[in-house]
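Below, each chain spelled out in residue letters.
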Amino acid sequence: MKMNHIAKVAAAALLTFGVTAAMAQITGSKHDLSATGGGTIKANAGQNNDEICVYCHTPHAANTDFTGAPLWNKATPAGTFRMYGATAAGVAGTTIAGTATEAQPSAPSLACLSCHDGVSAINSIVNAPGSGGYVAGGQNVAFGATPAGTAFTMPAGVTQIGDGDPSNVGLTNDHPVSITYVEGAASLKPVTTAITGWSGASSISDLLRNGKVECGSCHDPHLGESDTFLRRNAAAVGEASNKGSKVCLTCHDK
Ligand code: HEC
Ligand code: HEC
Ligand code: HEC
Ligand code: HEC
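Worth saying up front: this structure is predicted, and the values here are computed from it rather than measured. (Residues numbered from 1 in each chain as written. Chains lettered and ligands numbered in written order. Predicted model: local features only at pLDDT ≥ 70, side-chain atom pairs only at ≥ 80, totals over all residues. Heavy atoms only, no water.)

### Let's talk about the packing of aromatic side chains
Right, on to step 1. According to the stated counting rule, one finds three aromatic pairs in the structure shown.
Right, on to step 2. Pairing phenylalanine 66 with tryptophan 72 gives two aromatic rings, centres 5.9 Å apart and planes at 45 degrees, and the pair type is tilted.
Right, on to step 3. When its relative accessible area of 9% is taken as the criterion, tryptophan 72 is described as buried.
Right, on to step 4. On the basis of an interplanar angle of 55 degrees and a centroid distance of 5.9 Å, the ring pair of phenylalanine 143 and phenylalanine 152 is categorised as tilted.
Right, on to step 5. Residue classification places phenylalanine 143 among the buried residues on the basis of a relative accessible area of 3%.
Right, on to step 6. By relative accessible area, which is 24% here, phenylalanine 152 ends up partly exposed. (Phe/Tyr/Trp six-rings, centres within 6.5 Å; stacked < 30°, edge-to-face > 60°. Buried < 20%, exposed > 50% of the residue type's maximum accessible area, 1.4 Å probe, protein only.)

The structure is reproduced here in structure tokens:
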């Protein structure tokens, strides 16, 4: 009986610790768009959507266009993107080594662009908190000083990936995404190479989605202890996440 009780207390403590550790990652970061979030772009206290996950996920009625971004609560971006190395919007681009990108960003990267492209509204969500509140194409909820019905897009600056006009500069000035990882091209290491200090990955292949590099290869949107959400977890490696360019040198043998 006594042992059993001790075991139960220990298990409860472990559970509490585990939950706290997971919460600490996104809570208070720039991806925490609740009133107590870490950035300047966020809800006001008392607004219906003063929550964290709701800007990206919904437990029900999610937009299923985003394979790889589970239970996605945002509409699909309307723009046609110009890919890295592409001559026009909506066609594949090519790298120096001759590897082609997809003609459009794949779902895992499109999910990030559904806020970061400078065109899609950050405050547009499919299923608003509370009873009802479902609009298939997304609805602009009241968000900080922005009233309901008005779009709030990513302000101009370096966090606007897609540069406010996805078809113009688009993704041409960003590291290629939605591109197949070809061993040897651009000095890329074998996908079986063991890696350390990365969240949820023990080899390069774990960083890839369907064999491709996407935004989520280098970033984890929940890892708020790194100011740029790098998957090479600052807390785990005890140094700035890209110190010595270790993110880049993980894949490129330069
Ligand atoms: C800024 C957008 C964003 C916010 C906010 C967000 N997520 Fe996510 N989440 C994502 C994306 C993108 C993925 C897909 C990640 C990938 O590519 O592996 C994901 C994946 C997940 C997954 C599945 C992947 C895994 O193995 O963990 C879970 C579970 C999850 N999120 C839970 C949450 C919870 C709970 C919250 C709120 C506390 C939250 N997320 C807030 C963007 C977000
Ligand atoms: C719900 C909208 C939303 C989604 C979806 C989203 N972000 Fe963000 N992200 C933001 C906001 C808002 C900021 C804060 C921007 C600012 O303050 O300029 C931010 C900040 C960031 C930053 C930190 C920028 C800095 O310099 O401090 C990174 C990196 C980032 N996001 C990457 C991603 C990636 C990668 C994804 C997809 C896995 C993603 N985001 C999905 C809204 C979003
Ligand atoms: C090959 C790795 C890699 C990929 C793929 C990648 N990023 Fe990044 N990203 C980084 C690194 C490293 C930084 C930190 C740059 C710095 O310190 O200035 C960064 C920074 C950012 C920032 C902050 C702006 C800045 O430069 O300070 C945002 C926002 C961002 N990334 C979003 C995205 C989105 C959205 C995608 C997908 C379209 C993406 N990233 C794909 C590696 C990557
Ligand atoms: C997850 C693996 C991965 C990481 C991490 C990574 N890259 Fe890459 N990088 C790629 C792939 C895949 C390509 C496309 C190579 C090809 O086939 O041409 C590429 C291409 C490039 C290219 C060449 C583009 C061209 O036009 O030929 C440069 C430059 C580059 N990466 C720089 C960086 C830098 C700088 C970092 C760190 C911020 C980084 N990479 C991190 C996978 C990665």
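That shown, we press on.
### Some remarks on the site of ligand 4
Right, on to step 1. Taken together, 17 residues sit near ligand 4, with Thr99, His175, Cys248, Cys251 and His252 positioned nearest.
Right, on to step 2. Residue tyrosine 84 places a side-chain N or O atom 2.6 Å away from an oxygen atom belonging to ligand 4.
Right, on to step 3. Take threonine 95: an N or O atom from its side chain is 2.5 Å from an oxygen atom of ligand 4.
Right, on to step 4. Per-element accounting of the shell around ligand 4 gives the leading share, three residues, to helix α5 (residues 246-251).
Right, on to step 5. Taken together, the residues that form the shell around ligand 4 break down as 13 nonpolar, four polar and no charged. (Near = heavy atom within 4 Å. Polar contact = N/O pair within 3.5 Å; in protein donor to acceptor, adjacent residues only side chain to side chain. Helix = DSSP H or I, 4+ residues; strand = E, 2+ residues; numbered from the N terminus. Nonpolar A, V, L, I, M, F, W, Y, C, P; charged D, E, K, R; others polar.)

### Regarding the side chain of threonine 146
Right, on to step 1. Here threonine 146 lies in the loop between β2 (134-140) and β3 (179-180).
Right, on to step 2. If near-sequence neighbours (up to four positions away) are discounted, threonine 146 is found in contact with Asn123, Val141, Ala151 and Phe152. (Contact = heavy atoms within 4.5 Å.)

### Comments concerning the site of ligand 1
Right, on to step 1. Every residue close to ligand 1 is listed here: Ile26, His31, Ile52, Cys53, Cys56, His57, Gly68, Pro70, Trp72, Arg209, Pro221 and His222.
Right, on to step 2. Between histidine 57 and ligand 1, the recorded distance is 2.7 Å, taken from a side-chain N or O atom to a nitrogen atom.
Right, on to step 3. Side-chain polar atom of histidine 222 to a nitrogen atom of ligand 1: 2.8 Å apart, as the coordinates give it.
Right, on to step 4. Its residues assigned to classes, the shell around ligand 1 comprises seven nonpolar, four polar and one charged.

### Here we look at the nonpolar core
Right, on to step 1. With 13 residues, the main nonpolar core has Tyr181, Ile195, Trp198, Leu207 and Cys251 as its most contacted residues.
Right, on to step 2. If sequence neighbours within four positions are ignored, cysteine 251 has contacts with Tyr181, Ser187, Leu188, Lys189, Ile204 and Leu207. (Core = buried A, V, L, I, M, F, W, Y, C linked by side-chain atoms within 4.5 Å.)

### What about the coordination of the iron atom of ligand 1?
Right, on to step 1. Bound to the iron atom of ligand 1 are the protein donor atoms His57 (NE2) and His222 (NE2), situated 2.0 Å from the metal.
Right, on to step 2. Metal-centred angles of 85 to 178 degrees between the six donor atoms at the iron atom of ligand 1 mark the site as octahedral. With histidine 57 in the loop between α1 (2-26) and α2 (107-116) and histidine 222 in the loop between α3 (215-218) and α4 (234-237), this residue pair connects regions lying 165 residues apart in the sequence.
Right, on to step 3. Looking at histidine 57, the relative accessible area reads 26%, which means it is partly exposed. (Donors = N, O, S within 2.8 Å, 3.2 Å for Na, K, Ca; no water. Tetrahedral: all angles 85-135°; square planar, octahedral: opposite > 155°, others 65-115°.)

### Overview of empty space enclosed by the protein
The gaps of empty space that remain are located by a probe, the size of a water molecule, rolled over the atoms.
Right, on to step 1. Under the criterion given, the structure shown has one cavity of 30 Å³ or more.
Right, on to step 2. The calculated volume of the largest cavity comes to roughly 30 Å³.
Right, on to step 3. Forming the boundary of the largest cavity are Met83, Tyr84, Thr101, Leu171, Asp174, His175, Pro176 and Val177.
Right, on to step 4. Considered class by class, the residues forming the lining of the largest cavity number five nonpolar, two polar and one charged. (1 Å grid on protein atoms, 1.4 Å probe; cavity = no way out; pocket = protein on both sides within 12 Å on 5 of 7 lines; lining within 4 Å. Points joined across faces, edges and corners; volume = space filled by probe spheres on them.)

### Looking at α2
Right, on to step 1. Buried residues dominate α2, accounting for eight of its 10 residues.
Right, on to step 2. Along α2, the positions that sit buried rather than exposed are Ala107, Pro108, Ser109, Leu110, Ala111, Leu113, Ser114 and Cys115.
Right, on to step 3. Those residues of α2 that are buried lie in contact with α3.
Right, on to step 4. Positive phi shows up at glycine 118, right after α2, with a value of about 80 degrees.

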